[in-house]
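Chains, contacts and geometry: an overview
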There are 2 protein chains.
Amino acid sequence: MRVLLAGGAGYVGTHTAVALLDAGHEVVLLDDLSNTSARAAERVERITGKPAPLVVADARDDDAVADVFDRLGPFDAVVQLAAFKAVGESTQKPLDYYANNLGTTLALLRVGIARGIRSFLFSSTGTVYSDPADLPFTEESTTSVDLSNPYSKSKRMNEAILEDVARVNPELDITILRYFNPVGAHESGLIGEDPAGIPNNLMPYVQRVAVGELDRIGIFGDDYDTPDGTGLRDYIHVVDLAEGHVAALERGRPGYDVFNLGTGRPVSVREVIASFERAVGRDLPQAVLPRRAGDVAATYCDPAKAQRELDWVATRTIDDASVDAWRWQSANPQGFATEVDGDAT
Amino acid sequence: MRVLLAGGAGYVGTHTAVALLDAGHEVVLLDDLSNTSARAAERVERITGKPAPLVVADARDDDAVADVFDRLGPFDAVVQLAAFKAVGESTQKPLDYYANNLGTTLALLRVGIARGIRSFLFSSTGTVYSDPADLPFTEESTTSVDLSNPYSKSKRMNEAILEDVARVNPELDITILRYFNPVGAHESGLIGEDPAGIPNNLMPYVQRVAVGELDRIGIFGDDYDTPDGTGLRDYIHVVDLAEGHVAALERGRPGYDVFNLGTGRPVSVREVIASFERAVGRDLPQAVLPRRAGDVAATYCDPAKAQRELDWVATRTIDDASVDAWRWQSANPQGFATEVDGDAT
């Protein structure tokens, strides 16, 4: 398969590119580099020894997307990972989030359908589930557009749009992947999560504390109704997540379908920190802080549908993720801004 | 006030332009003319004796919208009426509907906020209400994004976006007007509803039968649980609706707010036909057909909030609407394609 990865130079994008190339497919990365670096694409080529051409353009722009199809197509599939993803920032900049996260999908769909793609894979989120009584979340659990932040709402809107588009394009495979909490990095240590600014998520925050870029880990609430009082999440190793994309693309079944990609195993904030401390080999400074608005006690999925229908299951543990994330962060303390041996000059 | 009317050459747009000009405000019409004619804007000038400059451009295009602000601004308010509006067509062309109906709002908001508008008025629909048990619908009634068609979903998504944008722009007046069923025409007979193709809505369909453009009126179901078995709707005279826009703009209160614009009086399909027959002075051919998918037995609103907070109330009856619509249709049997005395050549 020839696959266009929109947002392909980002965290999930680079790992998905590696997994697709390792599985024998071809990729083109489309990214505006608003939250990553061209070096990420070069690292994909170093890991795999295969070409991963990068087009720097805005995926909201129909003409720019059409130009990618003209110059580097045809493509069998589009994987739509081009989105702003910081939940907190989305509440401050809702218009930017809606314009980007809806506009990219609409342009990729318009051009992709006109050019005859067979599959459209959409990166969604487990935060579209809105009723804690449904835990663990299955694909049938309640979703809502009345969610706590514009990021999650924009993802849910995209799903609704894609479901309607699928109805009038029955030959097209439109697959929604609802990610839980991606963590870890490729075992090479050459690619990993490199968020701009203060990380919004726990593991990259812990990574930055471990390299001395941030002072201490904040634990937002230790009085939740959970075994150790801290929040429970479903942390999925990003390489497992990437392999889930390959499995969904290789299935390629026409119609609209939705899959949770998670481990099904809830892990607490304190357990993540302890795991990372084991990987680093020392204790890390931490402090309990007040709960954050919008946080919930627990969120984790039932991944049985993906196992049953995609023959996919997450095999890596939180300790694997910690070891891999620490390898990436310690070799690249400034993320992709760090030049390492072998980088193109 | 100086007001930019996006979709200003359309049915609601022209009547709102007349109402704003009559109330002493200034208007600029922005329209891509995809479903109307430049003659509509000329007719607004004939009715009011005041300028109603028309810019033909796509309101999804940030640069085009910015150019309107540069050349014809500044504006105190944007009224966002630029949308595709045929429910049935939306199920066939969902991508076009989402791209247009979301893209226009996003571009108008981005440019408008950057250029310092104080008010943003959004044209929404009573079809966002999803639970018949709530009848008559108040602004607090249940809404959903899981509605029966992309048109209604796109409107509900726009509302959700606007609510989030209002939260971070507390100085801005963002007002949602949920229209029930607009009917009728300006009493001058110079402007009215002129849908392309076969009308989706009852009154323009009846009008076309009355002028012999269509054979007979279809009554979609006469076995609903209503007094005469046909569907009940809340038909609002378009001039009342236009005056509702003026009232909302003149209020201009910062914050997000929602108003139903309807009469609160349910009228049946048979009653509409009988009213139009009285206006025309003869019986019209009609036939009972099967129910249409997605139609509901009854939908009408409680307009008390608009009366209380906007000091606005619909004063015109269905008979007024029939007389006015017939005056428009009989003088303009081909809608704006009909040249009448006084038209510019």
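Bear in mind that the values here come from a model prediction, so they are computed numbers and not experimental data. (Residues numbered from 1 in each chain as written. Chains lettered and ligands numbered in written order. Predicted model: local features only at pLDDT ≥ 70, side-chain atom pairs only at ≥ 80, totals over all residues. Heavy atoms only, no water.)

In this section: the overall build of chain A. Within chain A one finds eleven helices and 14 strands. The C-alpha radius of gyration computed for chain A amounts to 19 Å, which stays within 12% of the reference 20 Å derived for 345 residues, consistent with globular compactness. Taking the principal axes of its C-alpha atoms as reference, chain A extends roughly 55 × 50 × 40 Å. Residue burial in chain A is summarised as follows: out of 345 residues, 58% are buried. Put simply, 79% of the contacts in chain A that link residues at least 6 apart link residues at least 24 apart. Here chain A displays about 13200 Å² of accessible surface, and carbon together with sulfur accounts for 47% of that area. The average position of the 32 basic charges and that of the 52 acidic charges among the side chains of chain A differ by 1 Å. (Helix = DSSP H or I, 4+ residues; strand = E, 2+ residues; numbered from the N terminus. Rg over C-alpha atoms; globule rule 2.2 N^0.38 Å. Buried < 20%, exposed > 50% of the residue type's maximum accessible area, 1.4 Å probe, protein only. Contact = heavy atoms within 4.5 Å. Areas by Shrake-Rupley, 256 points an atom, 1.4 Å probe, with all protein chains shown as cover. Lys, Arg positive; Asp, Glu negative; His and termini not counted. Charge placed at Lys NZ, Arg CZ, Asp CG, Glu CD.)

So, about the relation of the copies chain A and chain B. Here chain A sits on chain B after a turn of 180 degrees about the axis and a move of 0.0 Å along it, with an RMSD of 0.0 Å. The superposition operator between the copies reduces to a two-fold rotation axis. The C-alpha atom lying nearest the rotation axis in chain A is that of A:V145; the distance is 3.2 Å. Taken as a fraction of all interface residues of chain A, those also at the interface in chain B reach 100%, which identifies the copy contact as same-surface. (Least-squares fit on C-alpha atoms with pLDDT ≥ 70 in both.)

Residues and elements named next belong to chain A. Between the first and last C-alpha of helix α1 (residues 11-22) there are 17 Å, a value that for twelve residues agrees with the 16 Å anticipated at 1.5 Å per step. Of all twelve residues that make up α1, eleven are buried, and the element is covered over most of its length. Residues of α1 that are buried include every one of Y11, V12, G13, T14, H15, T16, A17, V18, A19, L20 and L21, and no others. Two residues or fewer after α1 comes G24, characterised by a positive phi angle close to 95 degrees. (Expected span 1.5 Å × (residues − 1).)

For the rest of this paragraph, the subject is the interface of chain A and chain B. Across the boundary between the two partners, chain A contributes 23 residues, which contact 23 residues of chain B. Carbon and sulfur atoms supply 73% of the area buried between chain A and chain B, which totals about 2000 Å² over both sides. Area buried by chain A at its contact with chain B is led by A:L95, A:M157 and A:D164, which between them contribute 27% of it. At the junction of chain A with chain B, the criterion picks out four salt bridges. Of the charged contacts in the structure, one is a salt bridge between B:D164 and A:K153, with a shortest N-O distance of 3.0 Å. Counting the contacts that link chain A with chain B gives four residue pairs in polar contact (both at pLDDT 80 or more). (Buried area = accessible area lost by both parts, 1.4 Å probe. Salt bridge = Lys/Arg side-chain N within 4 Å of Asp/Glu carboxyl O. Polar contact = N/O pair within 3.5 Å; in protein donor to acceptor, adjacent residues only side chain to side chain.)

Where two aromatic rings form a pair, the distance of their centres and the angle of their planes describe that pair. Counted under the stated rule, the structure contains twelve aromatic pairs over all chains. Taking 5.1 Å as the distance between ring centres and 85 degrees as the angle between the ring planes, the aromatic pair formed by A:F69 and A:F75 counts as edge-to-face. Exposure class is identical for A:F69 and A:F75. Each is buried. Ring plane angle 15 degrees and centroid distance 4.8 Å describe the contact between A:Y129 and A:F137, whose orientation is recorded as stacked. When its relative accessible area of 6% is taken as the criterion, A:Y129 is described as buried. Among the aromatic residues, ring-to-ring pairing joins A:Y129, A:F137 and A:F180 into one connected group. Seen from the ring of B:Y224, B:R291 lies directly overhead, with NZ or CZ sitting 3.9 Å from the centre. Its guanidinium or amino end placed over the ring of B:F259, B:K305 lies 4.7 Å from that ring's centre, counting from NZ or CZ. (Phe/Tyr/Trp six-rings, centres within 6.5 Å; stacked < 30°, edge-to-face > 60°. Lys NZ or Arg CZ within 6 Å of the ring centre and 35° of its normal.)

According to UniProt, the "domain: NAD-dependent epimerase/dehydratase" (unreviewed entry) feature falls on residues 3-262 of chain A. Regarding residues 3-262 of chain A, the helix share stands at 40% and the strand share at 19%, and the terminal C-alpha atoms are separated by 23 Å. (UniProt positions renumbered as here; feature names shortened; annotations may be inferred.)

The next thing to look at is the pairing of strand β2 (residues 26-31) of chain B. All names here are of chain B. Here β2 lies mainly inside the structure; five of its six residues are buried. Both strand β1 (residues 2-6) and β2 contribute to a ladder of five bridges, which runs parallel. Opposite L4, over in β2, you have V28 as the bridge partner. Note on the crossover from β1 through helix α1 (residues 11-22) to β2: the handedness is right-handed. When β2 meets strand β3 (residues 54-56), the two strands line up parallel, connected through three bridges. If you follow D31 over to β3, its bridge partner there is V56. The handedness of the β2 to β3 crossover, carried by helix α2 (residues 38-48), is right-handed. (Pairing = 2+ DSSP bridges. Right-handed = clockwise from strand over helix to strand, strands pointing away.)

Looking now at the packing of helix α5 (residues 94-114) of chain A against helix α5 (residues 94-114) of chain B. Axis separation between α5(A) and α5(B) bottoms out at 10 Å; the angle between their running directions is 145 degrees. Our pair here, α5(A) against α5(B), has a crossing hand that is left-handed. Residue-level contacts link A:L95, A:Y98, A:A99, A:L102, A:L106, A:L109, A:R110 and A:I113 of α5(A) to B:L95, B:Y98, B:A99, B:L102, B:L106, B:L109, B:R110 and B:I113 of α5(B). Considered class by class, the residues forming the contact of α5(A) with α5(B) number 14 nonpolar, no polar and two charged. (Axes fitted to C-alpha atoms, helices over the stretch in contact; angles between N-to-C directions. Left-handed = near helix turned anticlockwise from the far one by under 90°. Nonpolar A, V, L, I, M, F, W, Y, C, P; charged D, E, K, R; others polar.)

Here the focus is the sheet that holds strand β4 (residues 77-80) of chain A. Residue and element names in this part refer to chain A. Spatially, seven strands are ordered β3-β2-β1-β4-β5-β6-β11 in an open sheet, and the strand pairing comes out parallel. Unpaired on one side and paired on the other, β3 (54-56) and β11 (255-261) mark the two borders of the sheet. Neighbouring strand axes in the sheet, compared pairwise and without regard to direction, differ in orientation by 20 degrees on average. Pairing analysis gives four bridges linking β4 to strand β5 (residues 119-125), with the strands arranged parallel. By the bridge assignment for β5, V78 is matched with F120. Sheet strands in contact with helix α3 (residues 62-72) are β1 (2-6), β2 (26-31), β3 and β4, and its direction is about 150 degrees off that of β2.

Residue and element names in this part refer to chain A. The strand order β12-β9-β14 describes an open sheet built from three strands, whose pairing is mixed. With one partner strand each, in any of the chains shown, β12 (267-268) and β14 (298-299) form the two edges of the open sheet. In the sheet, strand β9 (residues 232-233) pairs with β12 via two bridges, with the strands oriented antiparallel. Within the sheet, the bridge partner assigned to R233 lies in β12 and is V267.

This part is about the nonpolar core. Grouped together as the largest cluster of nonpolar side chains are 74 residues, with contacts concentrated most on A:L30 and B:L30. In this view, B:L30 contacts B:L4, B:L5, B:A6, B:G7, B:G8, B:V55, B:A57, B:A59, B:V65, B:V68 and B:L108; residues no more than four positions away in its chain are not counted. (Core = buried A, V, L, I, M, F, W, Y, C linked by side-chain atoms within 4.5 Å.)

Let's shift gears to the environment of A:R110. Note that A:R110 resides in helix α5. The class of A:R110 is partly exposed, set by a relative accessible area of 27%. Sequence spacing of A:R110 and A:G342 is 232 residues, and the spatial spacing of their C-alpha atoms is 39 Å. With residues up to four places along the chain from it excluded, the contact list for A:R110 reads A:D62, B:R60, B:L95 and B:A99.

Using the criterion set out here, one finds 60 salt bridges over all chains in the structure. A:D76 is the salt-bridge partner of A:R118, the closest N and O atoms lying 3.1 Å from each other. Here the residue A:R118 occupies a position in the loop between α5 and β5, and A:D76 occupies one in the loop between α3 and β4, the gap between them amounting to 42 residues. Of the charged contacts in the structure, one is a salt bridge between B:D58 and B:R60, with a shortest N-O distance of 3.2 Å.

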